[in-house]
Amino acid sequence: MKLAITTTGENLEAPLDPRLGRAARFIIYSLGSDSFELLDNSQNLNAAQGAGIQAAQHIIQSGAKGVITGHCGPKAFRVLHAEGIAVYNCQAETVKEAIEQFKAGQLKLAQDADVEGHWV
């Protein structure tokens, strides 16, 4: 299973980005092989609108079945939920810590968006 994790960095020690739509990039982490690839999201950093939807579409295209992020807005949540992609809100400091919390069953599945649209 693949997880998309929001980050500002380029490796597992990088900080978890609290934003989904405006995260600088995603680490697409494979639980099965304990490996990852980077997915750039820089085109959405300064988007006037639609950043969450576009980010969600990139995640869908990556093949991820789950997303770990600090916060997820309503539009991105609806797009991800419609595709059967689980969203987990997390307050971990790093991507590695977020993965460890997921593996330990410490992350709760989000039932809805946890911030308003256009949250920055």
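Structure: above.
All residue numbers refer to position in the chain's written sequence, counted from 1. This being a predicted model, a pLDDT of at least 70 is required before a residue's local features are given, and a value of 80 or more before pairs of side-chain atoms are given or counted; all residues contribute to the totals for chains, interfaces and linings. Hydrogens and waters are ignored; side-chain quantities use all the structure's heavy atoms.

A.B. asks: Just checking my understanding: could you explain the packing of helix H1 (residues 51-62) against helix H2 (residues 74-82) for this structure?
C.D. replies: Relative placement of two packed helices is described by the angle separating their axes and the distance separating the axes. Axis definition: a line fitted to C-alpha atoms, over the contacting stretch in the case of helices. Angles run 0 to 180 degrees between N-to-C directions. Helix and strand definitions here come from DSSP, where helices need a minimum of 4 consecutive H or I residues and strands a minimum of 2 consecutive E residues; each element is numbered from the N-terminal end. It is at 8 Å that the axes of H1 and H2 come closest, and there the two elements cross at 25°. Viewed along their axes, H1 and H2 adopt a mutual orientation that is roughly parallel. For the pair H1 and H2, the sense of crossing is right-handed. Across the interface between the two elements, Gly52, Ile53, Ala56, Ile59 and Ile60 of H1 pack against Lys75, Ala76, Val79 and Leu80 of H2. Taken together, the residues that form the contact of H1 with H2 break down as 7 nonpolar, 1 polar and 1 charged. Any angle that falls under 35 degrees is termed roughly parallel, while one over 145 is termed roughly antiparallel, one within 65 to 115 roughly perpendicular, and all others oblique. In this scheme, a crossing is called left-handed if the near helix is turned counterclockwise away from the far one by less than a right angle; it is called right-handed if the turn is clockwise. By the convention used here, residues are in contact when the closest approach between their heavy atoms is within 4.5 Å. Polar here means any residue outside two lists: the nonpolar Ala, Val, Leu, Ile, Met, Phe, Trp, Tyr, Cys and Pro, and the charged Asp, Glu, Lys and Arg; Gly therefore counts as polar.

A.B. asks: When you look at H1 in this model, what are you seeing that I'm missing?
C.D. replies: Residues that lie three or four places apart on an α-helix share one face, since the helix turns once every 3.6 residues. Each helix should span, by expectation, one fewer than its residue count multiplied by 1.5 Å. The end-to-end C-alpha distance of H1 is 17 Å, a good match for the 16 Å that 12 residues give at a rise of 1.5 Å each. Taken as a whole, H1 has its buried residues at Ala51, Gly52, Ala55, Ala56, Ile59 and Ser62. End-on view of H1: buried residues confined to an arc of 130°, all on one side of the axis. Structurally, H1 contributes buried residues whose contacts are with strand E1 (2-7), strand E2 (25-30), strand E3 (35-40), strand E4 (66-69) and H2. One or two steps after H1, the chain reaches Gly63, where phi turns positive at roughly 90°. A 1.4 Å probe rolled over the protein chains alone gives each residue an accessible area, and that area as a share of the maximum for its type sets the label: buried under 20%, exposed over 50%, partly exposed in between. Taken from the helix axis, the directions to the C-beta atoms give the arc we talk about.

A.B. asks: How do you make sense of the packing of aromatic side chains when you look at a structure like this?
C.D. replies: In this description, a pair of aromatic rings is defined by centroid distance and the angle of the planes. Here is the rule: rings of Phe, Tyr and Trp (six-membered ring for Trp) pair when centre to centre is within 6.5 Å. Planes less than 30 degrees apart are stacked, more than 60 are edge-to-face, and the remainder are tilted. Enumeration over the complete set of coordinates arrives at 1 aromatic pair. Their ring planes at 80° and their centres at 5.3 Å tell us that Tyr88 and Phe102 sit as a pair that is edge-to-face. A residue pair is termed long-range when its members are at least 10 positions apart, and Tyr88 in strand E5 (residues 86-89) and Phe102 in helix H3 (residues 95-103) qualify at 14 residues.

A.B. asks: Explanation requested: the nonpolar core in the structure shown.
C.D. replies: Side chains that are nonpolar tend, in soluble globular proteins, to be buried together. If you look at the biggest cluster of nonpolar residues, it comprises 17 residues, and the most contacted ones within it are Leu20, Phe26, Ile59, Val67, Cys72 and Leu80. Among the elements of the structure, E2, H1 and H2 are those that each provide at least two residues to this core. Every residue in contact with Phe26, bar those within four places of it in the chain, is listed here: Ile5, Thr6, Thr7, Leu20, Glu37, Leu38, Leu39, Asn41, Ala55 and Ile59. Grouped together as the second largest cluster of nonpolar side chains are 15 residues, Tyr29, Tyr88, Ala92 and Leu107 included. Think of a nonpolar core as a cluster: buried Ala, Val, Leu, Ile, Met, Phe, Trp, Tyr and Cys residues, connected wherever their side-chain atoms sit within 4.5 Å.

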